[in-house]
Each structure stands twice: as C-alpha cells, then as structure tokens.
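Structural overview for review
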Amino acid sequence: MEAVSPQAHATLYAQDMLFLTQEDVAKFEQVIQAQALQAKYAHVAQPQVAETTAPKSAQVAPVPVADKSVTPQAATPQTKPSQTVPIAPTPTSSPPPVAVQQQMEEERPSEVLLPSYRGAFERQVLIVHRGGRLSDAEDLMLRNLIAACQLSLKDVAVLDENNLAASSKEAMEKLNPAFILSFGINHPYLGGFEAKYKRVTNSLSSYVWADDLRDLELDKALKRSLWNVLKEQFNL
C-alpha cells in the first residue's frame, strides 16, 4: 500500500468522513498513526555489521627480469674459399738457330744513310767535284759560280768524290736531287753522262757534266761553255 502523508489523510478525512462509519474511522486513524511512527523512526541507524575484509596478501616486490633485448649484430659475410686458378706455364721461346737468325738479319731492310755534304740543300741542287778537299782557288771559283746562278750554300749540297764513293745508289735516290752539276765525275750513282756541257733532263732531274774545277780555272773557253748551259738551266 502506498504511503500517504498526514496532510493527505486529513484532507481525505475531512472530505470522506460523511461516508465512513465510526468503526472505519477508528481503523483508519490507527493505520495513520502506525505509518507516522514508522516514518518517525525510519532514520534510526541499523546495527552495523562488522565488515570482514579479507587480509590483503603481502605484496611481493617484482623480481627484476634481465633485459632480454638483444642488440642486433651485423651478419658476418660468409667468404667463399678462394679458388686457385691454375695458370698455364708461359712457353719459353728458344732462340732461333744461328742460320735462321742470320737469314733474318739479311732480310731486314737496312737504313739508308745519306752521304755527307756541305750546304743545306734547300733548292735540291747537287754539286759533285773530283777529289776531296778543294783548294782555296777552286773553292773561290765554285762559290762565285754558285752566286752567279743566284744561289747560295743553303740552296745546294756540295759532295766530294770520296763521300760519293762511300755512298750508294739507294742513298742518292733518297737524296733525290732536282739538278746535278758534276765537275769531272761520271759515276753510275749519278745516272751516267753522255757528253760534257750538255743539259740532259729526265722525269726526275736534270744533269750537266763539266770538266774538273782545276781545268776550268785555267781555260776561259770551258768556263764560257759551262756558263751557257747554266743560264739555260736557271733561266738567267
């Protein structure tokens, strides 16, 4: 049954008393008083029941655990065992037999050396004279003749008979003169002359064969014959 406050009971009693009997009113008042007492002593504390708390278990200190983290180590590269590659022995070449070596030396082309001469040979004019060293008079006449042809020692090569004989045909071909003036020498290395004071021209060079310088020094007619052929050669 829902609890009803005393004010509500009074209100109900005042409104409904005309419809209740005396007996009902007495019972109703008893109920109201019982409820009032119950409400009055409802705040009295109930006997406290001792709370039984289970004893706390002794706290055990944590056992230190060793750090199991492992520092990663660099992997050691596995080296393969070195394999020894067999090296084929180098064949040792034995020296060739003496006969073969001599044949190789004979077949090897030897270097062609030019003969020794005076001058720079810039105009490729070769002058050959008899004997070795010229006398002062012969040398002076030769220099005057060279100058008369509007040349100098830098334009010509003056070759004596001794150096010509020590040379070779291959050396003369390597020298390759454009004009040859020979005083008293008709040598095979020079190509050979047919007549004196006659200008001979081929596809490679021109030739003039004259008397020895010693003879020219004493004979003016020979000098004139030589000068006429030289004027033709050098357009003088």
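Read on for a plain summary of the structure. The model shown is predicted, which means the values in this text are computed figures rather than measured ones.

Structural notes on the sheet that holds strand β1 (residues 125-129)
Ordered in space as β2-β1-β3-β5-β4, the 5 strands form an open sheet in which the pairing is mixed. Two strands in the sheet have a free side with no partner beyond their single neighbour: β2 (156-160) and β4 (200-201). Both strand β3 (residues 179-183) and strand β5 (residues 206-210) contribute to a ladder of 5 bridges, which runs parallel. Its bridge partner being in β5, Ile 180 is matched across the sheet by Tyr 207. Here helix α8 (residues 220-234) sits on the sheet and contacts β1, β3 and β5; the angle it forms with β3, its principal contact strand, is near 170 degrees.

Observations regarding the side chain of Gln 233
Mapped onto the secondary structure, Gln 233 falls in helix α8. If we skip the residues at most four places from it in the chain, Gln 233 touches Phe 179, Arg 199 and Ser 206.

Points about the environment of Lys 223
Inspection of the secondary structure puts Lys 223 in helix α8. Take Lys 223: its relative accessible area is 36%, and that puts it in the partly exposed class. Each C-alpha atom, one on Lys 223 and one on Leu 213, is 9.6 Å from the other, the two residues being 10 residues apart in sequence. Once residues lying within four places of it in the same chain are set aside, the contact partners of Lys 223 are Met 141, Leu 216 and Glu 217.

Observations concerning the nonpolar core
In terms of nonpolar packing, the biggest core is built from 24 residues, with Ile 127, Leu 142, Leu 181, Phe 183, Leu 216, Leu 226 and Leu 230 touching the most fellow members. Elements supplying a minimum of two residues to this core: β1, α4 (136-148), β2, β3, β5, α7 (213-218) and α8. Counting residues per element, this core draws most heavily on α8, at 5 residues. Not counting residues within four places of it along the chain, the set of residues in contact with Leu 181 comprises Leu 126, Ile 127, Val 128, Val 208, Leu 226 and Leu 230. Counting 14 residues, the second-largest nonpolar core is a separate cluster that includes Leu 164, Ile 185, Tyr 207 and Trp 209.

Parameters at a glance
Residues numbered from 1 in each chain as written. Predicted model: local features only at pLDDT ≥ 70, side-chain atom pairs only at ≥ 80, totals over all residues. Heavy atoms only, no water. Pairing = 2+ DSSP bridges. Helix = DSSP H or I, 4+ residues; strand = E, 2+ residues; numbered from the N terminus. Contact = heavy atoms within 4.5 Å. Axes fitted to C-alpha atoms, helices over the stretch in contact; angles between N-to-C directions. Buried < 20%, exposed > 50% of the residue type's maximum accessible area, 1.4 Å probe, protein only. Core = buried A, V, L, I, M, F, W, Y, C linked by side-chain atoms within 4.5 Å.

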